[in-house]
Amino acid sequence: MKDLDLVSSHAAAHWKTALSDRLDPKWREDIDKFELDILLKKKGKVEDRVFAETRLRMGAYGQRYDNGHRHDGNESRVIPFPTDLNKGPETKWDAPGMERIKLPWGGMSAEQLEVMAQLAEEYSDGILHVTTRQDIQLHYIHIENCPSMFRRLAAVNITTREACGNSVRNVTACPIAGVCREEAFDVTGYANAVFKYLLGHPDVQDFGRKFKIALSGCKHNPCGLTNIHDLGLTAVVRTQADGTVKRGFEYVVGGGLGAVTYDAKLFSDYVPEEEVLALTQATCRVYARLGEKKKRHRARIKFLVADMGIDKFREEVLAERAKLPNDPRWTEFLATLPKFEEKPLRPAGKGIPKTNDAAFDFWCLTNVYPQKQDGFLTVTVTLPMGDITCNQARALVDISRKYLKDTMRTTVEQNIVLRWVSEADLYNVYNDLKAIDLAQPGAASIVDITACPGTDTCKLGVSSSRGLAAELRTRLATKFVQMDEAVRNLRIKVSGCFNSCGQQHIADIGFFGISRNVAGYIVPHFQMVLGGEFINNGGRYGLATGGIASKAIPGVVDKLLDLYMTGKTKGEGFRHWVERTGKAAIMQAVADVAAVPAYDKDKSYYTDWGSVREYNVKDKGMGECAGEVVSLTEFGLKAADREVFEAQIKFDAGDWKSASKLAYQAMLFAAQGLVKMYNIDISDDADKVMAEWKERFYDTQKFFDPFAGPRFAQFYIHAHDERGAELDKEKASRLLQESMLFIEAAHSCNLRLSMGAEKGKEGILAATKSGSKA
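Residues numbered from 1 in each chain as written. Predicted model: local features only at pLDDT ≥ 70, side-chain atom pairs only at ≥ 80, totals over all residues. Heavy atoms only, no water.

## What about the pairing of strand 16 (residues 376-381)?
- Along strand 16, six of the six residues are buried, which leaves the element largely enclosed by surrounding structure.
- Alternating positions in strand 16 separate into two faces, F376, T378 and T380 on one and L377, V379 and V381 on the other, with burial throughout.
- One ladder, built from three bridges, connects strand 15 (residues 368-370) with strand 16; its direction is antiparallel. Note on strand 16: the bridge partner recorded for V368 is V379.
- Linking strand 15 back to strand 16 in an antiparallel pair, the connection comprises five residues, with G375 at a positive phi of about 90°.
- Bridging between strand 16 and strand 19 (residues 416-422) involves five bridges; their strand directions are antiparallel. In the sheet register, V381 faces strand 19, and the bridge partner there is I416. (Buried < 20%, exposed > 50% of the residue type's maximum accessible area, 1.4 Å probe, protein only. Helix = DSSP H or I, 4+ residues; strand = E, 2+ residues; numbered from the N terminus. Pairing = 2+ DSSP bridges.)

## Concerning the sheet that holds strand 23 (residues 521-530)
- Spatial strand order, 20-21-22-23-24: five strands in an open sheet with mixed pairing. The sheet terminates laterally at strand 20 (450-451) and strand 24 (543-549), the two strands that pair on one side only.
- Bridge count between strand 23 and strand 24: six bridges; the pairing is antiparallel. Within strand 24, the position partnered with L530 by the bridge is L543.
- Packing against the sheet, helix 14 (residues 465-477) makes contact with strand 20, strand 21 (492-495), strand 22 (509-518) and strand 23, and its axis sits at approximately 160° to strand 21. (Contact = heavy atoms within 4.5 Å. Axes fitted to C-alpha atoms, helices over the stretch in contact; angles between N-to-C directions.)

## Looking at the pairing of strand 6 (residues 97-101)
- Here strand 6 lies mainly inside the structure; five of its five residues are buried.
- Side chains G97, E99 and I101 of strand 6 all project onto a buried face; the interleaved residues M98 and R100 project onto the opposite face, where all are buried too.
- Taken together, the two bridges between strand 1 (residues 60-61) and strand 6 define a ladder with antiparallel strand orientation. Across the sheet, the residue bridging to Y61 is M98, located in strand 6.

## Looking at the sheet that holds strand 7 (residues 107-108)
- Within the open sheet, the five strands sit side by side as 7-18-19-16-15. Their pairing is antiparallel. Since the sheet does not close on itself, it has two edges, and those belong to strand 7 and strand 15, each with one partner.

## Side note on the packing of aromatic side chains
- For the structure on display, the rule yields 38 aromatic pairs.
- A centroid spacing of 5.6 Å and a plane angle of 75° characterise the contact between Y521 and Y606, whose relative ring orientation is edge-to-face. Placement of the pair is Y521 in strand 23 and Y606 in the loop between helix 20 (591-594) and helix 21 (627-652), with a sequence separation of 85 residues.
- For Y606, a relative accessible area of 2% gives the class buried.
- Both rings, one in F574 and one in W577, keep their centres 5.6 Å apart while their planes meet at 40°; by these two values the pair is tilted. Note that F574 and W577 are positioned in helix 18 (residues 574-581) at a spacing of three residues, about one turn of the helix.
- A residue is classified by how much of its surface remains accessible, and F574, at 3% relative accessible area, is buried.
- Above the plane of the ring of F267 lies R314, whose end atom (NZ or CZ) is 5.7 Å from the centre. (Phe/Tyr/Trp six-rings, centres within 6.5 Å; stacked < 30°, edge-to-face > 60°. Lys NZ or Arg CZ within 6 Å of the ring centre and 35° of its normal.)

## With respect to the environment of G351
- Summarising the element assignment, G351 is placed in the loop between helix 10 (329-332) and helix 11 (358-367).
- Along the sequence, G351 and L426 sit 75 residues apart, while their C-alpha atoms lie 9.6 Å from each other.
- The residues touching G351, leaving out its near neighbours within four places in the chain, are E423 and A424.

## Focus: the environment of A745
- Within the secondary structure, A745 is located in helix 25 (residues 729-770).
- Apart from the residues within four sequence positions on either side, A745 is in contact with F703 and F712.

## Remarks on the packing of helix 11 against helix 13 (residues 426-435)
- It is at 11 Å that the axes of helix 11 and helix 13 come closest, and there the two elements cross at 100°. Accordingly, the angle class assigned to the pair helix 11 and helix 13 is roughly perpendicular. Within the contact between the two elements, helix 11 uses A359, F360, W363 and C364 and helix 13 uses L426, Y427, Y430 and L433.
- Of the residues in the contact of helix 11 with helix 13, the class split is eight nonpolar, no polar and no charged. (Parallel < 35°, antiparallel > 145°, perpendicular 65-115°, else oblique. Nonpolar A, V, L, I, M, F, W, Y, C, P; charged D, E, K, R; others polar.)

## Here's the deal with the side chain of E162
- By secondary structure assignment, the location of E162 is in the loop between helix 5 (146-154) and strand 10 (172-173).
- Taking relative accessible area as the criterion, E162 reaches 1% and is therefore assigned buried.
- Only 3.3 Å separates the side chain of E162 from the side chain of R161, close enough to count as a polar contact.
- For E162, the contacting residues outside a window of four places in its chain are R57, M58, K102, S167, V168, R169, L198, L199, G200 and Q205. (Polar contact = N/O pair within 3.5 Å; in protein donor to acceptor, adjacent residues only side chain to side chain.)

## Comments concerning the state of the cysteines
- Throughout the structure, instances matching the rule amount to zero disulfides.
- The thiol sulfur of C164 is not disulfide-bonded, and the nearest other cysteine sulfur, from C146, lies at 10 Å.
- Judged by its relative accessible area of 0%, C164 falls in the buried class.
- Cysteine C180 is unpaired, with the sulfur of C218 as its nearest cysteine sulfur at 5.2 Å.
- Owing to a relative accessible area of 3%, C180 belongs among the buried residues under this scheme. (Disulfide = S-S within 2.5 Å.)

## Details of unusual backbone geometry
- A positive phi angle is found at D437, which is not glycine, with a value near 60°.
- Summarising the element assignment, D437 is placed in the loop between helix 13 and strand 20.
- The residue A444 is not glycine, and still its phi comes out positive at about 55°.
- Within the fold, A444 resides in the loop between helix 13 and strand 20.
- On the basis of relative accessibility, which here comes to 32%, the residue A444 falls in the partly exposed class.

## Describing helix 11
- Regarding helix 11, the residues found buried are F360, F362, W363, C364, T366 and N367.
- Summarising the contacts, the buried residues of helix 11 are in contact with strand 15, strand 16, helix 13 and helix 15 (485-488).
- The residue sitting at the N-terminus of helix 11 and contributing the capping side-chain oxygen is D357; that oxygen lies 3.1 Å from the backbone nitrogen of A359.

## A closer look at the confidence of the model for the protein
- The predicted model of the protein has a mean per-residue pLDDT of 90, with 94% of residues at 70 or higher.
- Low confidence marks residues 617-631, where pLDDT is under 50. Its contacts with residues over four positions away, or in another chain, come to 37 contacts.
- Note on residues 757-774: pLDDT is under 50 here. Beyond four places in sequence and across chains, it has 11 contacts. (pLDDT = per-residue confidence, 0-100.)

Laid out in structure tokens, this is it:
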């Protein structure tokens, strides 16, 4: 270990000396400070929690099992790391971590991709992962290698600062901005200006949570997804009285996915281009000043906007804007916009070459976009699961240098686009991509499945999102060519937990990871979400319809697609079909393929995708010593599941009042079911249930989620306090989502407590057998 430390130390010293003159002075200072923080932490001079936030703000994130424990299917085992030092609360120093690399608007040069490929090979597992925010992530990184990585990235104008933590995250934008045939104008330069202005800005250092910004060139396409962001800017133009055309942005705030979805609110239908940075600064200052700081589950700006109302929030921001002293940077960037106008490397073509290659022709249908510039095309390089190996990345660099002039971008669907490909070169580009296994068709289709890392590397993962997504992609790809266009154009998105890193709420068919107790065994499940809208910048959210065992999902998806094709009317979209058919009828129709077989009939359902371990199969969810009480709890939770499903049906029918009443009633049933663990005679009175539930589960923190804390408990408390209030459609939808999340949390709480009871029983039995007292 000392030899390895010595090698690492020499390498760090080399890069620090060799690259010093190539770094932006401020970036160099940030990296030097972080390197010193590492040294001080190793000497015990920095608290765990302080160092954790420090590294997060440099993009260094935790990874699964970094607490030094891993469950083998029977019991938790200790992972023997070299030292006992921590890099955060319950986070081991030597545990592998994830490094997030910011690529503003997804743009990257051949040199930048080449450097990232080198880093993936030298410090990671050889994989570059493209995220839904156009970042690149490298996994299995040791914290002490980060300063060298940061310097090598900074030398090619890439920063990781504020890629994580309570900060302004990567500023995303449409990956075909500037070449799109339907855009109002190219938003690239504006996205870059927002990124540069806010990076390290004093006004964005005191947020309660992260802050995400996106820009789009048009309203109806999904490239920017402005509706789901904390701040969304969509390009618009206005013709002035003198006939000149003026650029500006529709400005929306307070959107977000997460555990509970929020639609962005219209702040202004037109903000002049010269006012965008100033207004964004004022928005950030109001969020920093008035946003929640103590309750993390209420700390995103979407909660602030919802609590204040958009009118009051707008009033507060405009008042803040009026007080700001003038900053020349607000408008200086406008003179730099022309430098973002890209140029081709090769001359324009005169049509796509004719070939007898059927595979090429089909690839062109899904992966090639004709630019507004005649003779040029944008090619999408499909990356299954968002992954590209370091060798593939280096080969892609060679392709880029051969055909392009540094015009590559990552996309929110976890792919890479090559812009300004001459029509004359397209077949050669295809063959070059094919040679490195990067010419798979199906971009922006049902096989182009978005998935978060899930249980592979994420500490919050409940079920294997990548495993499920890979299985679905493999199965759907076998029949992709024969699919009807209506099915082929659907989107599937998967998240490993209740959070929305996989963006399941805006998918036609979405899934997020949960677990369920089936006959005493814990089985990996996913909640299925139907009817989200990816177009119109993530225009509408789907709703969860029910939990399905992970291994049953491929069959359910097949059945669902068959139902859609046989049941839809001519030209009917998937969302409209879901609404017309009704979730109850759909769930009933797939019930036969969704059923979980008994453990002794098919054990495969009791393991997750890609795992050799049984899914905590030895941890029974129900102990015999408390069978009656637990069964009453299970009965209450099932009643809650049934009630919330009825609430969804009422909501879909437009009966928001009944939906709200049923959503609260479902939470009440779940809380009452938990209380029955201790008091089987608990009253049906809502106030008495709340009082006893708070005493037994909230005040004791037994209900608190290991990672989300009191977040889901607060949903029930708030719903109880507000019960009977008249709710509009949006508030009813929010209550319905919160009800489902509370019920999922109740299931998880029951599992945790049941496992503890079973372990206690096993200890008593073991002590009895050994002749000792328990």
